[in-house]
Amino acid sequence: MNTLAQKQLITFDDKVVRQFMWASIIWGIVGMLVGVIIASQLNFHQLNVTQWLSFGRLRPLHTNAVIFAFVGNMMFSGIYYSTQRLCKARMASDILSKIHFWGWQGIIVAAAITLPLGYTRGQEYAELIWPINIAVALIWVVFAVNFFWTLARRNEPSLYVALWFYIATIITVAMLYIVNHLSIPTSWTHSYTLFSGVQNALVQWWYGHNAVAFFLTTPILGIMYYFLPKAVERPVYSYRLSIVHFWSLVFIYIWAGPHHLLNTSLPKWLQMLGMFFSLMLWAPSWGGMLNGLLTLRGAWDKLRTDPVVKFFIAAVTFYGMSTFEGPLLSIRAVNALSHYSDWTIGHVHSGALGWNGLMAAGMFYWLTPRLYGTKLHSVPMANFHFWISIVGILLYVAAMWVSGIMQGLMLNSTNAAGTALTYPNFIETLTAIRPMMAFRIIGGSMYLVGMGLMLWNLWKTARSGQPVNETREVAILERNSVDNMGVKDTFLSDPVTYFFGGLFLLMGWIFLPKGADITALVCALIFGAIAVRKFTTSHHTWSQWYERLLENWLPFTILTFIAVALGGLIQIIPTVMVNRAKNMEDRIQQVYTPLELTGRDIYVSEGCYNCHSQMIRTLLPDVLRYGDYSRLGESIYDHPFQWGSKRTGPDLAREGSRYPHSWHFNHMMDPRSTSVGSNMPAYPHLFTTKFDQKTLPKKIAAMVRLGVPYPAMTDLEIKENAIKQGIEIVEKLKEDKLTAAPDTQIVALIAYLQKLGKYDTLEVEDKLQKYPTAPGLIPGPVNPDQNRPAASSQE
């Protein structure tokens, strides 16, 4: 018997649920309004009215607002509401709940201030500067402590499906966020990421892809498993399918990150691994979608009458569409067309607007009457919100599909012999998709109007009632009856042993040399057959073990963590070991001078990476258009990497020395003067703003600590070096009758752009290392090349 005879009245903390709900709606409208603005800026460059409101700085604000402010607050609202009911316990600490809410809103405000000011780390969905990163980590810990403390105090023996997804969300987001944001600060507003080049790209998309998985998907799936059955008044279609859905999703998803880097210089085994696991994602994703849709069995008539059910079912359908399209785009041949184009933008928004946005709307329409003890103000208005949102999404996504495929085909089109491009001028492709970008504005605006209607409808609903905190009588759980599973019972069981044994053998198939890999594969297949046979004969035992696991939150959490951590470890550790200058095949990036490094920081600060890539893929049209394809060693000293994910402008990997200084000068002052039809913003502030000389020595020191082989220089020499190079650029500009001060940001930016694509061969580097008068290299404490003979000789 798990429960005592004693019963107790429990009042749930629904105030924090209401707070997160209103915060989500308000921030959602702000984030989507910014989205409409930046979509308009792509058609009307005049809307880039100031440096703080330019496209490059606003786009990160839009993505962060929608992901972390809109979906984040929605997620917390749903988790706080459902966790208390599923655990039959009030949240463990009201103080932690308050810290969580106000801390999260403070982070959002800090992001809304710093991003337009140009303070960024320069990585998608990970742009926030390091002090805010630490605040995010601390507030996430507060949330985790409150959640797991509540699990430990629960009065329900078994953990329901929704809680599984919440657990996976909390531990995986913590892991992803901390690893991807490791960096060395150079000031209160700037830092360099610990990883560089390919390892930075891999870690970033390990984080970026799984931010989609574990911030935008798993918590919302948990919400689906709780709220959808409540709305349709039916149990979940299949409990067994829920188990398969959860474990296969959390294990497979984490491996798929490399599909964001297909056809690049990322090692091919990683590209293939990412593609392979992405294709496998079809099964668990569609399993979850079907489980959600079939929950409606016997109650399909609610689709006609209940707006909440409409929103939920449409959201689950969009989840299915997005998770079908995602693996499709991870096929290398398809990715060659979709990557760097609007097709990916359409895919992302079908998930964000369709899956996340509609789930949020359904949940809010269901919650608000219950949180305020009243009825929904207007059902017709909710229905109108539904239809205007659906039409808006379809218009948006269809426009992006057409735009992406059209531009992709134009960029990849060559003559019959494959020796020349059909559309060599990049702007020609940009002009062709302008009408589609206009339809995006219309579709996004319709969705925004729907959000405004929801705010008005829910506000009127709340005004017609009073805040209600539900009180419920629950039977108190006997504490020693659950959470008593030991290490031996957890890990020395058939399901765990067979799974990890099979996985170990499969890793042998991937990593072992020829001959041994086939042996490992054969052993894995035999081991798998034995596992299946064991399962069929001991099914009852396996089920008992799992039911017991669900009564023990800590072992369940540990096993979930192992499942999500394995994929990242197997992919990232070999890459970190390989990404050494001594391992590069033929090219090693030239180190940036102090002025060039400053220019690079300005480039990142202005958000140029939102439109330009610095990675020429191994595809023939890319090589014909931009030059020789990028090698692994050409970005080995880049903190952060700049491979990009979208090409609104051309690839800049071979930009260095292509144009004179005067061309870049005029291009930044008025892009239309050098590139007719360009939609790029002008950057007049760069011509008057001085670059920061004070922190330059600290930046060089940080680079040295990260293993970049700078020669020994004093602080004064670093500054003199920057000004001297600035004077050289200014003198060149004077020859074209252009004037600039050597310490202005435009001069530093020109220096950086002219350095792009410069590299040394291994022979040149060896010569430099042996040259007796060459300046000594500074050995850094975390120098990854410290064992190289030349570097050792300098110590």
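These figures come from a predicted structure and were not determined experimentally.

Asker: Please explain the overall build of the chain as it appears in this structure.
Answerer: Each helix and strand in the chain was counted, giving 31 helices and six strands. For a compact globule of 795 residues, the expected C-alpha radius of gyration is about 28 Å, and the chain comes in at 28 Å, within 12% of that figure. Summarising its shape, the C-alpha atoms of the chain cover approximately 90 × 60 × 55 Å along the three principal directions. Classification of the 795 residues of the chain by burial places 60% in the buried group. With the model as given, the accessible surface of the chain reaches about 31,100 Å², and the carbon-plus-sulfur share is 67%. Charge centroids of the chain, computed over 61 positive and 48 negative side chains, lie 7 Å from each other.

Asker: For this particular structure, what's the right way to read the packing of aromatic side chains?
Answerer: What characterises a pair of aromatic rings is the spacing of the ring centres plus the angle enclosed by the ring planes. Within this structure, the stated rule accounts for 55 aromatic pairs. The ring centre of W366 lies 3.9 Å from the NZ or CZ of R370, which sits over that ring.

Asker: Hey, could you run me through the pattern of salt bridges in this one?
Answerer: Close approach of charged atoms lets side chains of opposite charge pair. Throughout the structure, instances matching the rule amount to 24 salt bridges. Between D483 and R154 there is a salt bridge, with the nearest N and O atoms lying 3.2 Å from each other. Placement of D483 in the loop between β4 (471–477) and α18 (487–491) and of R154 in the loop between α4 (130–152) and α5 (161–180) is noted, with a sequence separation of 329 residues between them. For D483, a relative accessible area of 32% puts it in the partly exposed group. A salt bridge links D489 to R548, with the nearest nitrogen and oxygen atoms 3.2 Å apart. With D489 in helix α18 and R548 in helix α21 (residues 539–549), the pair connects residues that are 59 residues apart, well separated along the chain. Take D489: its relative accessible area is 36%, and that puts it in the partly exposed class. R548 gets classed as partly exposed once you look at its relative accessible area, which sits at 32%. Taken together, the salt bridges that share partners define one network made up of R587, D628, R631, E634 and R654.

Asker: Could you clarify how one ought to interpret the domain arrangement of the chain in this entry?
Answerer: For an interface, size is often stated in terms of accessible area lost upon the parts coming together. Along its sequence, the chain is carved into domain 1 (6–476), domain 2 (487–582) and domain 3 (587–761). Of note, the centres of domain 1 and domain 2, computed from C-alpha atoms alone, are 29 Å apart. Tallying the contact residues gives 34 residues for domain 1 and 31 residues for domain 2. Here domain 1 packs against domain 2, burying approximately 2,900 Å² in sum over the two surfaces, 76% of which is carbon and sulfur. Looking at the side of domain 1 facing domain 2, the largest losses of area belong to W247, F251 and W255, adding up to 21% of the total buried there.

Asker: Just checking my understanding: could you explain the UniProt feature "binding site: heme b 2; high-spin" (unreviewed entry) in the chain for this structure?
Answerer: Here, the residues flagged by UniProt with the feature "binding site: heme b 2; high-spin" (unreviewed entry) are H347. Looking at the secondary structure, you find H347 in helix α14 (residues 342–371). For H347, the residues in contact, after removing those within four places along its chain, are S322, E325, G326 and L329.

Asker: Help me understand the state of the cysteines, please; the structure alone is not making it clear to me.
Answerer: What makes a disulfide is a covalent bond joining the sulfur atoms belonging to two cysteines. Within this structure, the stated rule accounts for zero disulfides. C611 takes part in no disulfide bond, and the closest cysteine sulfur, belonging to C608, lies 8.2 Å away.

Asker: Quick question: what am I supposed to make of helix α1 (residues 15–43) here?
Answerer: Since one α-helical turn is 3.6 residues long, residues separated by three or four positions face the same way. Spanning 29 residues, α1 covers 43 Å between terminal C-alpha atoms, matching the ideal 42 Å at 1.5 Å per step. Here α1 lies mainly inside the structure; 22 of its 29 residues are buried.

Asker: Looking at this structure, I do not really get the pairing of strand β2 (residues 183–187). What am I missing?
Answerer: For a regular strand, the rule is simple: side chains alternate between the two faces of the sheet. In this sheet, strand β3 (residues 190–193) lies alongside β2 in antiparallel orientation, the contact comprising four bridges. Each residue of the ladder has a partner; that of I184, found in β3, is Y192. Taking the residues between adjacent antiparallel strands as the criterion, β2 and β3 are bridged by two residues.

Asker: Looking at this model, I keep getting lost on unusual backbone geometry. Mind explaining?
Answerer: In most cases, non-glycine residues show a negative phi, while peptide bonds are predominantly trans. Backbone torsion omega between H639 and P640 reads 0°, so that peptide bond is classified as cis. Inspection of the secondary structure assignment puts P640 in the loop between α24 (620–626) and α25 (661–669). A positive phi angle, close to 65°, is found at Y125, a residue other than glycine. One can find Y125 in the loop between α3 (94–114) and α4. A relative accessible area of 13% means that Y125 is categorised as buried. You will see that N263, though not glycine, has its phi angle at about 65°, which is positive.

How each quantity is defined
Residues numbered from 1 in each chain as written. Predicted model: local features only at pLDDT ≥ 70, side-chain atom pairs only at ≥ 80, totals over all residues. Heavy atoms only, no water. Helix = DSSP H or I, 4+ residues; strand = E, 2+ residues; numbered from the N terminus. Rg over C-alpha atoms; globule rule 2.2 N^0.38 Å. Buried < 20%, exposed > 50% of the residue type's maximum accessible area, 1.4 Å probe, protein only. Areas by Shrake-Rupley, 256 points an atom, 1.4 Å probe, with all protein chains shown as cover. Lys, Arg positive; Asp, Glu negative; His and termini not counted. Charge placed at Lys NZ, Arg CZ, Asp CG, Glu CD. Phe/Tyr/Trp six-rings, centres within 6.5 Å; stacked < 30°, edge-to-face > 60°. Lys NZ or Arg CZ within 6 Å of the ring centre and 35° of its normal. Salt bridge = Lys/Arg side-chain N within 4 Å of Asp/Glu carboxyl O. Domains from an automatic or database assignment. Contact = heavy atoms within 4.5 Å. Buried area = accessible area lost by both parts, 1.4 Å probe. UniProt positions renumbered as here; feature names shortened; annotations may be inferred. Disulfide = S-S within 2.5 Å. Expected span 1.5 Å × (residues − 1). Pairing = 2+ DSSP bridges.

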